[in-house]
Amino acid sequence: MFRFAYPEYLWLLWLLPLLVAVWVAAGQLARRRLNRFGRLETIRPLMPDASTGRRRLKFILFLSAFALLTLALARPQLGSKLREVESRGIEMMLVVDVSNSMLAEDFQPNRLERTKYAIDKLFDGLKQDRVGLVVFAGDAVVQLPITSDYRMAKAFARRISPSMVSVQGTDIGQALSLATMSFSEKGDNPAGRVIVLITDGEGHDSGAIEAAERAAEQGIRIFTIGIGTPEGAPIQIGGEFIKDDKGEMVVSKLGEPLLEKIAQATDGAYIRSTNQSIGLDEIVRTINNMEKGDLAALRFEEFNEQFQYLIGAALVLSLAGVPAARPPQPAAPAFQHFRYGHRKIKNSDSPLTPNRRAFCRFRRLGVRETTGRITPRSDGSALSPND
C-alpha cells in the first residue's frame, strides 16, 4: 500500500507552471535589453560565457529538484506489513433507492441528494463498524461490499445516482435479498447485522415481506427510513416534469405501510424522515445498544519512509546545476585593443565620437571580446577593434 503522510504539501506542485512563466518572462526581458545595443547575432560573440542551452539545462534541473523536494515533504510511504486487527462492532448494509421518484423535490434539493448528505454524516460518526452499500430501482446492484474503510465508503456514496441502475422501478424485495447475501460469513462470535433501507416506499410488494422474513431467520434486523411526504411532489428530470400516459403530471408520494411491515417482520423500526433529520441518527443510537460481535480486518500497520531517496535525488540535481569553475580565458592579441582600449579613450583629451561612446558603453556592460564589425543602432556608423 502506498500513501502520502502529508498530501496537503502536494499543492506546492502548482508552483511549477508559475516558475516556468517567470523564467520565460525573464529571458524575454534580457533579450529586449540586449536589443538596445545592437543585433543579437553581432553581440553574441562578445559574450562567450553566455549559453542558452546551459541556462535552460540549469533551470530544468532546478525544477526537477523542486518537484522532488515537494514530494519528499509529503512523506511518501510504502506499507510493509499486514496485520489482522481484531475489533468489536456490527455490520451494516445501506440499501438506497435510486429510482427516478427519488428526484422529487419535497426534500431540498431532492430526496436522493438529501439521502447522500445524511449517509456522508453517518460515516463520520462510525468507528469500528463495517458498512456496505446496495443501490436499487427495478434491479439491485452491490455498489460497495462490506468494508471498514470509511473514506472509500464516503467516496462511493457521493457517486450515487439513478444512472447506476438501468432498469427503473422499485423492487424492494430484490434489494433486500441481495443485501442479505452481502454480509460476511459468520464466525464463532458473529457481529450483529443490520440492513438500513432508505426509500420513498412507492412500489408494489414484489416479495419484500418474504425477503424480510428470510433476513429475520438469519438474525438480521431491518430498519426502514421513509423519505418523502404523504402529499408528494412532482418528479423533474432535465428541467422537465414526468407525465403519465394520459399526459398528467406524475406525483410521487411516500408509501409508509410497506416500510412499516418490513421493519416489524425483523424486529426493526420504521422512521419517517423530515427536512431536519433523515432519521439515521436515531437508528445509529439504536444500533449502538445492540450486542457487538468480533470483527477482523487486515491493515497495513508499518510503513517504510521513502522521502530520503527523493531528498538525495534532489541534492544530486542541485549539484549538477552548479557550473564548474573555469579559469578566465586570455584574450587573443587581435582583441587586446578592444579589451583595454577603453582606458585610453577615457583618458584621452579628444572629443568622444559616437563610435567611441558605443565602445565605452559595451565595456561598462562587461563585454570582453569581439569579432568582426559592430554597428551601433544610434547612427549606423561602424566600429572595429582597430578604431
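Residues numbered from 1 in each chain as written. Predicted model: local features only at pLDDT ≥ 70, side-chain atom pairs only at ≥ 80, totals over all residues. Heavy atoms only, no water.

To continue, consider the confidence of the model for the chain. The predicted coordinates of low-pLDDT regions are not to be read in fine detail. Of the residues in the chain, 71% reach a pLDDT of 70 or more, and the chain-wide mean stands at 78. With pLDDT under 50 throughout, residues 330–346 is counted as low confidence; its partners more than four residues away or in other chains account for 33 contacts. In this model, residues 365–378 is a region of pLDDT below 50 whose contacts with residues beyond four sequence positions or in other chains number 40 contacts. (pLDDT = per-residue confidence, 0-100. Contact = heavy atoms within 4.5 Å.)

Quick look at the environment of Ile225 now. By the secondary structure assignment, Ile225 is in strand β6 (residues 220–226). The exposure class assigned to Ile225 is buried, which follows from its relative accessible area of 0%. (Helix = DSSP H or I, 4+ residues; strand = E, 2+ residues; numbered from the N terminus. Buried < 20%, exposed > 50% of the residue type's maximum accessible area, 1.4 Å probe, protein only.)

Glancing now at the pairing of strand β4 (residues 140–147). Each regular strand carries side chains that alternate between the two faces of the sheet. Across five bridges, the pairing between strand β3 (residues 130–136) and β4 is antiparallel. Among the inter-strand pairings, Val135 is bridged to a residue of β4, identified as Val141. (Pairing = 2+ DSSP bridges.)

Structurally, Asn110 can be placed in the loop between β2 (76–97) and α4 (111–125). Accessibility expressed as a relative area gives 13% for Asn110, which makes it buried. Within polar-contact distance, the side chain of Asn110 engages the backbone nitrogen of Glu113 at 2.8 Å. (Polar contact = N/O pair within 3.5 Å; in protein donor to acceptor, adjacent residues only side chain to side chain.)

A few words now on the side chain of Arg111. When you line up the elements, Arg111 lands in helix α4. Here the side chain of Arg111 touches Asp200 through a polar contact of 3.1 Å, side chain to side chain. Contacts of Arg111, omitting those with residues within four sequence positions, involve Ser101, Met102, Ala104, Asp106, Asp200, Ile227, Gly228, Thr229, Gly232, Ala233, Ser252 and Lys253.

With that out of the way, let us pick up the nonpolar core. One finds Met92, Leu94, Ile119, Phe123, Val196, Leu280 and Ile287 to be the most contacted residues of the largest nonpolar core, which totals 36 residues. Broken down by secondary-structure element, the contributors of at least two residues to this core are β2, α4, β3, α5 (150–158), β5 (192–199), β6 and α9 (280–288). Here the element with the most residues in this core is α4; it accounts for five residues. Among all residues touching Phe123, those that are not within four sequence positions of it are Leu94, Val131, Tyr150, Ala153, Lys154 and Ala157. (Core = buried A, V, L, I, M, F, W, Y, C linked by side-chain atoms within 4.5 Å.)

Glancing now at the packing of helix α1 (residues 15–35) against helix α3 (residues 52–73). Contact pair α1 / α3: the axes reach a minimum separation of 11 Å and the direction vectors enclose 160°. Considered as vectors, α1 and α3 are oriented roughly antiparallel to each other. When you trace α1 past α3, the crossing you get is right-handed. Residues Leu15, Leu16, Leu19, Val20, Trp23, Ala26 and Gly27 of α1 form the contact with α3, whose participating residues are Arg55, Arg56, Phe59, Phe62, Leu63, Phe66 and Ala67. (Axes fitted to C-alpha atoms, helices over the stretch in contact; angles between N-to-C directions. Parallel < 35°, antiparallel > 145°, perpendicular 65-115°, else oblique. Left-handed = near helix turned anticlockwise from the far one by under 90°.)

A word on the pattern of salt bridges. Close approach of charged atoms lets side chains of opposite charge pair. Going through the model one piece at a time under the given rule, you end up with nine salt bridges. Put simply, Asp120 and Lys154 hold a salt bridge, and the shortest N to O gap is 3.8 Å. Taken together, the positions of Asp120 in helix α4 and Lys154 in helix α5 put the pair 34 residues apart, joining distant regions of the chain. Its relative accessible area of 15% is what places Asp120 among the buried residues. Residue Arg158 pairs with Asp120 through a salt bridge whose shortest N-O separation is 3.0 Å. (Salt bridge = Lys/Arg side-chain N within 4 Å of Asp/Glu carboxyl O.)

Let us now look at the environment of Ser182. Inspection of the secondary structure puts Ser182 in the loop between α6 (172–180) and β5. A relative accessible area of 19% places Ser182 in the buried class. Spatially, the C-alpha atom of Ser182 lies 8.0 Å from that of Met93, the residues being 89 residues apart in sequence. The contact partners of Ser182, leaving out residues within four places of it in the chain, are Met93, Val142 and Ile146.

Here the focus is unusual backbone geometry. The omega torsion across Gln108 and Pro109 is 0°, close enough to zero to call that bond cis. Position of Pro109 among the secondary structure elements: in the loop between β2 and α4. Phi at Arg75 takes a positive value of approximately 55°, unusual for a residue other than glycine. Its location among the elements puts Arg75 in the loop between α3 and β2.

The subject of this paragraph is a nonpolar patch on the surface. A cluster of nonpolar side chains, Tyr6, Tyr9, Leu12, Leu15, Leu18, Val22 and Leu73, forms an exposed patch at the surface whose accessible area comes to about 600 Å². At three residues, the largest contribution of residues to the nonpolar patch is made by α1. In this fold, Leu18 is placed in helix α1. (Patch = residues over 30% accessible without salt bridge, like charges linked within 9 Å, V, L, I, M, F, W, Y side chains within 5 Å. Areas by Shrake-Rupley, 256 points an atom, 1.4 Å probe, with all protein chains shown as cover.)

It is worth spelling out the pairing of β3 at this point. For β3, the buried fraction is high: seven of the seven residues fall into the buried class. Where burial is concerned, the two faces of β3 agree: the one with Arg130, Gly132, Val134 and Phe136 and the one with Val131, Leu133 and Val135 are both buried. From the end of β3 to the start of β4, which pair antiparallel, there are three residues.

Take a positive patch on the surface next. Residues Arg31, Arg32, Arg55 and Arg56 make up a contiguous surface patch of positive charge. When residues of the positive patch are traced back to their parent elements, those giving at least two are α1 and α3. Summarising the element assignment, Arg32 is placed in helix α1. (Lys, Arg positive; Asp, Glu negative; His and termini not counted. Charge placed at Lys NZ, Arg CZ, Asp CG, Glu CD.)

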